Number of protein chains: 2
Amino acid sequence: MTMRVSSMASPLKQAFSNLAGPAGRRSFATGTRLETNYGFIGLGQMGYPMARNLRSKIAKTDTMYVHDVNPAMSEQLEKEVGNVKVVQSVREIAENSEIILTVLPAPHHVQNVFQQMLKGSAKTSTTRDRLFIDCSTIDPKSSAGVANATHSSGQGKFVDAPMSGGAVGAAAGTLTFMLGSSPDLVPRVTEVLKCMGKRVVHMGPQTSGLKGKLANNYLLALNNIATCEAMNMGVKWGLDPTTLTDMINTATGKCWPSEVNNPVPGVVENSPASKDYKPGFGTALMLKDLKLALQAAAEANVTPQLGEHAKNIYAAVAEDEKCKDRDFSVVYRYIGGKE
Amino acid sequence: MTMRVSSMASPLKQAFSNLAGPAGRRSFATGTRLETNYGFIGLGQMGYPMARNLRSKIAKTDTMYVHDVNPAMSEQLEKEVGNVKVVQSVREIAENSEIILTVLPAPHHVQNVFQQMLKGSAKTSTTRDRLFIDCSTIDPKSSAGVANATHSSGQGKFVDAPMSGGAVGAAAGTLTFMLGSSPDLVPRVTEVLKCMGKRVVHMGPQTSGLKGKLANNYLLALNNIATCEAMNMGVKWGLDPTTLTDMINTATGKCWPSEVNNPVPGVVENSPASKDYKPGFGTALMLKDLKLALQAAAEANVTPQLGEHAKNIYAAVAEDEKCKDRDFSVVYRYIGGKE
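Residues numbered from 1 in each chain as written. Chains lettered and ligands numbered in written order. Predicted model: local features only at pLDDT ≥ 70, side-chain atom pairs only at ≥ 80, totals over all residues. Heavy atoms only, no water.

Describing the overall build of chain A
- Check the secondary structure of chain A and you find 14 helices and 11 strands.
- For chain A, with 339 residues in total, the buried portion stands at 55%.
- Taking as baseline every contact in chain A between residues at least 6 positions apart, the subset at least 24 positions apart corresponds to 66%.
- Only carbon and sulfur atoms are counted for the fraction: they give 52% of the accessible area of chain A, which is about 13800 Å². (Helix = DSSP H or I, 4+ residues; strand = E, 2+ residues; numbered from the N terminus. Buried < 20%, exposed > 50% of the residue type's maximum accessible area, 1.4 Å probe, protein only. Contact = heavy atoms within 4.5 Å. Areas by Shrake-Rupley, 256 points an atom, 1.4 Å probe, with all protein chains shown as cover.)

What about the pairing of strand β11 (residues 197-204) of chain A?
Residues and elements named next belong to chain A.
- Bridging between strand β10 (residues 175-180) and β11 involves six bridges; their strand directions are parallel. By the bridge assignment, Phe177 is partnered in β11 with Val200.
- On the question of chirality, the crossover connecting β10 to the parallel β11 by way of helix α8 (residues 186-193) is right-handed. (Pairing = 2+ DSSP bridges. Right-handed = clockwise from strand over helix to strand, strands pointing away.)

Details of the packing of helix α5 (residues 107-117) of chain B against helix α6 (residues 140-153) of chain B
Residues and elements named next belong to chain B.
- Interaxial distance between α5 and α6 falls to 10 Å at its minimum, and their mutual angle equals 5°. The angle between α5 and α6 falls in the class roughly parallel. Within the contact between the two elements, α5 uses Pro107, Val110, Gln111 and Phe114 and α6 uses Ser142, Val146 and Thr150.
- Across the contact of α5 with α6, the residue classes tally to four nonpolar, three polar and no charged. (Axes fitted to C-alpha atoms, helices over the stretch in contact; angles between N-to-C directions. Parallel < 35°, antiparallel > 145°, perpendicular 65-115°, else oblique. Nonpolar A, V, L, I, M, F, W, Y, C, P; charged D, E, K, R; others polar.)

Observations concerning the packing of aromatic side chains
- By the definition in use, this model includes six aromatic pairs over all chains.
- Aromatic side chains B:Phe114 and B:Phe158 sit 5.2 Å apart centroid to centroid with 70° between the ring planes, which places their arrangement in the edge-to-face category. You can see B:Phe114 sitting in helix α5 and its partner B:Phe158 sitting in strand β8 (residues 157-160), a full 44 residues away along the chain. For the pair shown, B:Phe114 and B:Phe158 are each scored as buried.
- Taken together, the aromatic side chains of A:Phe114, A:Phe132 and A:Phe158 make up a single cluster linked through ring pairs. (Phe/Tyr/Trp six-rings, centres within 6.5 Å; stacked < 30°, edge-to-face > 60°.)

A closer look at the environment of B:Lys338
Residue and element names in this part refer to chain B.
- You can see Lys338 is positioned in the segment after α14 (331-334).
- A sequence separation of 107 residues divides Lys338 from Met231, and the C-alpha atoms of the two residues are 9.5 Å apart.
- Apart from residues lying up to four places away in sequence, Lys338 is in contact with Asn232, Val235, Val264 and Tyr332.

Examining the pattern of salt bridges
All names here are of chain B.
- Across all of its chains, the model carries 16 salt bridges over all chains by this definition.
- Across the pair Arg52 and Glu80 runs a salt bridge, and its minimum N-O distance is 3.0 Å. Placement of the pair is Arg52 in helix α2 (residues 47-57) and Glu80 in helix α3 (residues 71-81), with a sequence separation of 28 residues.
- Under the relative-accessibility criterion, Arg52 is labelled partly exposed at 24%.
- In this structure Glu80 comes out as partly exposed when scored by relative accessible area, which is 44%.
- A salt bridge links Glu321 to Lys324; the shortest N-O distance between them is 3.7 Å.
- We classify Glu321 as exposed; its relative accessible area is 64%.
- The exposure class assigned to Lys324 is partly exposed, which follows from its relative accessible area of 32%. (Salt bridge = Lys/Arg side-chain N within 4 Å of Asp/Glu carboxyl O.)

Here's the deal with the interface of chain A and chain B
- With 52 residues of chain A in contact, the opposing surface of chain B contributes 52 residues.
- Summing both partners gives a buried area of about 4600 Å² for chain A against chain B, and 72% of it is carried by carbon and sulfur.
- Summed over the three residues of chain A that lose the most area to chain B, namely A:Trp237, A:Thr252 and A:Leu306, the buried surface amounts to 17% of that side.
- For the pair chain A and chain B, the number of links is zero salt bridges.
- Between the two partners, chain A and chain B, sit 17 residue pairs in polar contact (both at pLDDT 80 or more).
- Counting residues per element, the ones that place at least two in the side of chain A that touches chain B are β11, α9 (208-236), α10 (241-248), α12 (283-299) and α13 (305-319) of chain A.
- Ranked by residues supplied to the side of chain A that touches chain B, first place goes to α9(A) with 21 residues.
- Taken together, the residues that form the side of chain A that touches chain B break down as 30 nonpolar, 16 polar and six charged. (Buried area = accessible area lost by both parts, 1.4 Å probe. Polar contact = N/O pair within 3.5 Å; in protein donor to acceptor, adjacent residues only side chain to side chain.)

Remarks on the nonpolar core
- Ranked by internal contacts, the top residues of the largest apolar core, which has 98 residues, are A:Tyr314 and B:Tyr314.
- In this structure, A:Tyr314 is in contact with A:Ala221, A:Asn224, A:Ile225, A:Thr283, A:Met286, A:Leu287, A:Leu290, A:Phe328 and A:Val331, ignoring residues within four places of it in sequence. (Core = buried A, V, L, I, M, F, W, Y, C linked by side-chain atoms within 4.5 Å.)

Things to note about the pairing of strand β6 (residues 99-102) of chain B
All names here are of chain B.
- Side-chain alternation along β6 places Ile99 and Leu101 on one buried face and Ile100 and Thr102 on a second face that is also buried.
- Pairing between strand β3 (residues 37-41) and β6: four bridges, direction parallel. Bridging from a neighbouring strand, Tyr38 pairs with Ile99 of β6.
- Two elements, β6 and strand β7 (residues 131-134), share four bridges in a ladder whose sense is parallel. Bridge pairing links Ile99 to Leu131 in β7.

A few points about the relation of the copies chain A and chain B
- Rotating chain A by 180° and moving it 0.0 Å along the rotation axis overlays it on chain B with an RMSD of 0.0 Å. These values place the two chain copies in the arrangement generated by a two-fold rotation axis. Among all C-alpha atoms of chain A, that of A:Cys255 lies closest to the rotation axis, at 2.1 Å.
- Taken as a fraction of all interface residues of chain A, those also at the interface in chain B reach 100%, which identifies the copy contact as same-surface. (Least-squares fit on C-alpha atoms with pLDDT ≥ 70 in both.)

Some points on the domain arrangement of chain A
Residue and element names in this part refer to chain A.
- What the domain assignment reports for chain A is domain 1 (12-206) and domain 2 (211-334).
- The C-alpha centroid of domain 2 is placed 31 Å from the C-alpha centroid of domain 1.
- Contacts between the two partners involve 11 residues from domain 1 and, on the opposite side, 12 residues from domain 2.
- Summing the contributions of domain 1 and of domain 2, the shared interface buries around 970 Å²; its carbon and sulfur component is 63%.
- Put simply, domain 1 and domain 2 have four residue pairs in polar contact (both at pLDDT 80 or more) between them.
- Considering only residue class, the side of domain 1 that touches domain 2 consists of seven nonpolar, two polar and two charged. (Domains from an automatic or database assignment.)

This is the structure we're talking about:
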């Protein structure tokens, strides 16, 4: 049985669209799945494994355009997974894709990329449903600016979806995404993100994903230093670090840095600390997120007390010869912890 | 069958002793359980419910002597549970008890009480096995001093066993005890403490229980402020506090203050925050433990950075009209959190 597209009521279209697998669409003429063009910009430590997972989960007939400022990354991905189209500019991504993911380091990268992408019109038959999913961790104000520019250009919808889970989660496809999005886009965005993670939490309207991530990472930044200090204290007092950790993890001190990312070498097998603080989550990234949180807090007239002190500690750790470029649990080494 | 006490080898005596139920002893002439005299000093917010639980768990034929500086507390306990002997001095406790528990507020209280107790000789037939269990949270150095005085007086053995779980845990008998003790005493001490808690963790030699508790509470003090600040930030940014909490609790920010003792009213049912910050764990107690941790850290040449700042925050909260005498999660109110 065939039906004419024009005769379909909008809710039915929506239902069909939701049935089409990862963010795909169905042809209303034939009932078959329409091919989808994906774009992926930013193949760094997080973006590269995410792109690899996305490519492996979408239909083989779907096209995936990729771009990175470093052409070697795109070439490596093409070599590793095949079936991607390496393009030389983000403009080409914008012109050819309906679903575009960006995983970039800082606000100005996101702003620049979108400025280029929004300059021209898309070649796709319709831009009405075009979806921009920004997984970068940037400040909410910059994100809102890019979202507004995108929406007022009429070129598509913009959502923020920063992730947690680190490079390990990105490789394993077990990331958690914090989504800031209008409610109607949540099912479609979730389908895409589930190709790269196991969980998508809708935090509220656009910018809410970033706000959630920054609040979480602010807490993490402090809990990590607190754990390093408490463990250092206990060990200097003569306690066995494993006995102390076991007790804390059944008591009120329990937290992610004590349980999963314990800063004392040998306490948690395969933790960064047990591998000479190989990241993990680099100190520079922790410092970056903490600064973003403090900036966003200041914009809301909130001045966190401990956060400012923590920022100074991470800044010093990031400059320290024995600590730089290592997992943020290396604060334990920085404060003179016994290894 | 009867056997003569004098004919029993020491290890066998020990084995019999271990079989006798909560810290009791058996008559080697009859095989029946010998009555034990308990002493309990300090019937405050923690001590009172602990004494009540201990009385309900030991044999009805055991005697329990109780004392508090405030005679009204002893009388109330006698009225409530019966079967306790209220005495007017700690000396009387010392003279009549084989197992003596102390739950006191500060180092000088513990020092004074032991000075009085160790002055004379005990009336009990033997002081060789007399056991002093100090559940007070004091600094390890003071505790070591009292332990040394006790041991050199030949009047018994001293262990430190501070607890976590708060007034709620004390009432429910679900406390966790952190035990600093020589290994040979652990089974006997554990039997007694299990009458008042569900878990006893042997942290190492005498003072190790206190060291464990102070390290844990140092961590808790910081994690609590961090949680208050992160939640305040998120709420000021417009996030729903329950959505934010749910996300944090499945992410890297998860900690006891976010999960169990969330500082935003209404997020966790029956939390202190949801009951106008009714303690719970009072800010003054948190401040006390934090100061003890900082003192002990300084004695080990450790100077925690964030801890000093946290101390100033709790000191200010404890003086604040809207916050004093409330649960330590009231830091959220102190920093201007939206309730």
